[in-house]
Amino acid sequence: DTGSAAAIPINEVDIAYVTPVTVGTPPQTLMLDLDTGSSDLWVFSSLTPSSQIRGQEIYTPTKSSTSQLLNGHTWSIRYGDGSSSRGTVFTDNFTIGGLEVKSQAVQTAQEVSSSFTQEQSLDGLVGLGFSTLNTVRPSSQLTFFDNARPNLDEEVFTADLKYHATGTYDFGFIDSKKHNGTITYTPVQPSPGYWTHSLSGYSVGSGAFQSSQISGISDTGTTLLYLPTAIVTAYYRQVQGAQNSQYYGGYVFPCASTLPTFTFGIEGARFTIPASYINYTRISPTSTTCYGGLQSSSGLGINIFGDVALKAAFVVFSGTNPPRIGFAPK
Ligand SMILES: CSC[C@H](NC(=O)[C@H](Cc1ccccc1)OC(=O)N1CCC(N)CC1)C(=O)N[C@@H](CC1CCCCC1)[C@@H](O)COc1ccncc1
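Owing to the predicted nature of the structure, the values given are computational and were not obtained by experimental measurement.

Novice: Please explain the domain arrangement of the protein as it appears in this structure.
Specialist: When the parts of a complex come together, some accessible area is lost, and that lost area is often taken as the interface size. Taken as a whole, the protein is organised into domain 1 (3–171) and domain 2 (179–328). The interface of domain 1 with domain 2 comprises 26 residues on the first partner and 26 residues on the second. Counting the surface lost from both domain 1 and domain 2, the interface buries some 2,200 Å², and carbon and sulfur atoms represent 56% of this. Viewed at the interface, domain 2 and domain 1 are joined by one salt bridge. Across the salt bridge formed by Lys-311 and Asp-14, the nearest N and O atoms sit 2.8 Å from each other. Taken together, the links from domain 1 to domain 2 amount to 16 residue pairs in polar contact (both at pLDDT 80 or more). Listed by contribution, the elements that provide at least two residues to the side of domain 1 that touches domain 2 are strand E3 (28–35) and strand E9 (156–162). Looking at the side of domain 1 that touches domain 2, the element that brings in the most residues is E9, giving seven residues.

Structure (structure tokens):
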């Protein structure tokens, strides 16, 4: 089997991407954020207090003839940005882009934090990290990819995220039309459950490439690129008027400033992030101060290769044994 579905930016600065999925019988359509940085599949539901719902689509298990309560099971998750959700669990038929998993664990939210309530374009998440990170107890549940894997033509899914445009997630096949040039693979360390791998180095603008192993996670659910402070300061040293603002919680600069590109290495291959991707957003609609798409990871304890980096490449998440990740130009 294979599947192919759209990755649609939810706002004009690509803060996140959502993908249409269907749950249950007859199918209920929700827009979910496919997130390689976590491993819970959870949805706004009929069990979510109406005070916490603001425009999201919900999954109603009682309207589905194929839903089954997973008795006595609960879940609770907190993300890197402090947002959180928790609830109960059903199994039901679940489809992404024509690829169906029967009896997928669908985690129904009974509580979501305010940032989820405020994000009305996001009806929940599909975790595509390793199933070891799943928070359902007493027995943890498998991700959509792990459930689909035995029926996939190839044990892969790919991310073709785009800057200010709709991209694609494919399951079970590598679409050669979506990338040009070879795919460079590098090993993934699957513990504790993120797609953890190394960059082989970086360069700023036309500067010399600095070879160094930079370990981090490729995370479709994280908006920006978070790297060690030394790299980030070297980058913003090239930007007129840039400063690391306590007030805004990161590097800001005059929107009119010229930004250099940023290049990262995967083994011997090189991927260049255009300056426009790093000129992330104005700090407020009328401001002439802009917030950077490259920020320091020092507060996170982990480097995160988020959407700002991933949208510069065609990315293959390979669930083979051992797992690996591939990057290709596009
Ligand atoms: C540096 S992990 C921060 C990261 N969350 C972000 O990237 C959010 C994404 C967002 C925000 C608002 C609306 C929509 C999307 O966006 C921002 O935080 N920002 C973008 C806007 C910018 N101005 C400020 C910074 C994060 O927790 N991701 C997790 C998934 C994410 C949770 C929030 C909803 C969307 C999906 C996940 O993959 C990684 O979980 C962990 C990472 C590390 N240890 C523990 C958990």
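Novice: What should I look at first to understand the site of the ligand in this one?
Specialist: In the region of the ligand, 20 residues are neighbours, and Asp-35, Gly-80, Asp-81, Asp-219 and Thr-223 sit closest. Within the side chain of Asp-35, one N or O atom sits 2.7 Å away from an oxygen atom of the ligand. Against a free-state accessible area of 860 Å², the protein chains account for coverage of 80% of the ligand. Partitioned by chemical class, the residues of the shell around the ligand number nine nonpolar, six polar and five charged.

Novice: Would you mind going over the pattern of salt bridges with me for this structure?
Specialist: Two side chains with opposite charge may pair up if their charged atoms get near one another. Scanning the entire structure with this criterion turns up 10 salt bridges. Here Asp-146 ties to Arg-149 by a salt bridge, and the two come within 2.6 Å at their closest N and O atoms. Exposure class is identical for Asp-146 and Arg-149. Each is buried. Put simply, Lys-162 and Asp-160 hold a salt bridge, and the shortest N to O gap is 3.7 Å.

How each quantity is defined
Residues numbered from 1 in each chain as written. Predicted model: local features only at pLDDT ≥ 70, side-chain atom pairs only at ≥ 80, totals over all residues. Heavy atoms only, no water. Domains from an automatic or database assignment. Contact = heavy atoms within 4.5 Å. Buried area = accessible area lost by both parts, 1.4 Å probe. Salt bridge = Lys/Arg side-chain N within 4 Å of Asp/Glu carboxyl O. Polar contact = N/O pair within 3.5 Å; in protein donor to acceptor, adjacent residues only side chain to side chain. Helix = DSSP H or I, 4+ residues; strand = E, 2+ residues; numbered from the N terminus. Near = heavy atom within 4 Å. Areas by Shrake-Rupley, 256 points an atom, 1.4 Å probe, with all protein chains shown as cover. Nonpolar A, V, L, I, M, F, W, Y, C, P; charged D, E, K, R; others polar. Buried < 20%, exposed > 50% of the residue type's maximum accessible area, 1.4 Å probe, protein only.

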